[in-house]
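# Architecture at a glance
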Amino acid sequence: AAVAAAVAAATAAGDGGGTALLRRTKAPASGMCNECDDAPFVRNVVVDDVERWLCEACIAAKQRAVLSLLERTERRRALAWQARADGDRKAVSGTVDDAPIVIDDWSSVLVDKLTIRDVKPAAHLMASVMHNDPRYLYTMPTKNVEQRCEFLGTVYFRRVVRYFVKYKHGAWGVYHNGRVVGVACWNPPDASTKTPPMEVLKILLKSKSSAAFLKRFSHLVDTVNQEFHPRVRDKRHWGLMYVCVHRRYWGQSLGQKLMRVVLRVADEQQLPCATYTFGERSVGFLKKFGFQAIANLQVGVDHNLQYWVMTRKVSAVMEEPAYHRHGRDKAAKAADG
């Protein structure tokens with residue numbers, strides 16, 4: 001619609017002495033795409049202020065490029081917010097590095113329980129990574145990334161982490177050179193009768209949270225609870241609530257390290273695990289540890305917000321961690337050499 005309006009405005013202004021908004025091009029006489037010249041064009045679009053006649057494949061490629069650019073921009077804004085919140089002087093001056101960090105010395109990596117001192121950096125990390133999670137896009141539909149990160153990092157996740165830290169195996173973190181780069185929050189079996197989001201909601205009601213957020217969040221919690229608990233037959237179970245890793249450390253199996261710590265405890269206690277996730281990408285990640293999706297549900301009728309209920313049996317088969325495979329392959333090559 002915006003393209004059509006711009007084209008119409010350009011047509012009206014083109015010969016009347018005004019300045020045209022777009023540089024018009026005629027439809028190709030051959031009927032082929034201006035970009036690839038391999039397929040017939042389907043419609044005209046605007047690329048760099050020039051009207052182009054493109055096929056479906058080229059239009060899809062342009063759309064993916066725009067979405068990728070938007071995603072990178074949002075990622076940089078979220079990382080910049082996290083760095084500023086953590087007191088990074090470079091971030092305050094506006095220079096933020098988003099290049100991947102490769103761990104060479106694994107002796108500097110430690111998986112341990114979070115303490116009360118880690119609540120603030122852990123909350124900032126979770127807000128930076130999970131600000132675009134579907135559940136928070138639903139509860140906070142604002143397009144301002146910094147505003148969403150600010151609320152999640154200073155209000156919501158700070159109370160979430162503080163809630164889980166009080167349990168023995170509730171909150172875990174991955175530390176690299178003493179810095180929190182990964183967080184996992186579990187609801188222990190002794191507390192599985194309570195619903196952490198509901199407990200956090202009670203705390204948020206006493207805070208300065210907006211009425212719109214509280215309304216959407218309470219609706220989300222009520223809907224999920226009504227569908228989740230009846231499907232989890234074992235009352236005593238370990239409940240996975242959150243797991244995330246700093247974006248600059250993705251692809252190095254830190255998330256697997258976080259997961260395996262509590263899964264070993266659950267297997268030793270002969271207890272199953274359960275969780276729900278709003279991201280389809282997370283479903284594949286959880287399946288590596290023996291979780292199976294038992295339901296694919298939707299929040300309300302008017303909202304396109306899906307979530308998956310997943311459970312894990314006792315001592316379920318887990319895939320071998322990537323860092324183990326890499327180490328074994330490296331050792332095999334050294335032996336062959």
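The structure we're discussing is the one just above.
Predicted model, so just to flag it, every value in this text is computed and none were measured. (Residues numbered from 1 in each chain as written. Predicted model: local features only at pLDDT ≥ 70, side-chain atom pairs only at ≥ 80, totals over all residues. Heavy atoms only, no water.)

### Digging into the nonpolar core
Met126, Tyr156, Phe157, Val183 and Tyr242 are the most contacted members of the largest nonpolar core, which totals 53 residues. Looking at this core element by element, the count peaks at 12 residues for helix α6 (residues 145–165). Once you skip the residues sitting within four places of it in the chain, Phe157 turns out to touch Ala123, Met126, Ala127, Met130, Tyr136, Leu152 and Tyr242. Within the second largest apolar cluster, 27 residues are counted, among which are Ile103, Leu258, Val265 and Val283. (Core = buried A, V, L, I, M, F, W, Y, C linked by side-chain atoms within 4.5 Å. Buried < 20%, exposed > 50% of the residue type's maximum accessible area, 1.4 Å probe, protein only. Helix = DSSP H or I, 4+ residues; strand = E, 2+ residues; numbered from the N terminus. Contact = heavy atoms within 4.5 Å.)

### Some points on the pattern of salt bridges
Inspection of the entire model under this criterion finds 3 salt bridges. With a shortest N-O distance of 2.9 Å, Arg135 and Asp133 are connected by a salt bridge. For Arg135, a relative accessible area of 9% corresponds to the buried category. You can call Asp133 buried: its relative accessible area is 14%. Arg231 is the salt-bridge partner of Glu227, the closest N and O atoms lying 2.7 Å from each other. Residue Glu227 and its partner Arg231 are both found in helix α8 (residues 211–231); the two are separated by 4 residues, about one turn of the helix. Taking the relative accessible area as the measure of exposure, Glu227 reaches 30% and is therefore partly exposed. (Salt bridge = Lys/Arg side-chain N within 4 Å of Asp/Glu carboxyl O.)

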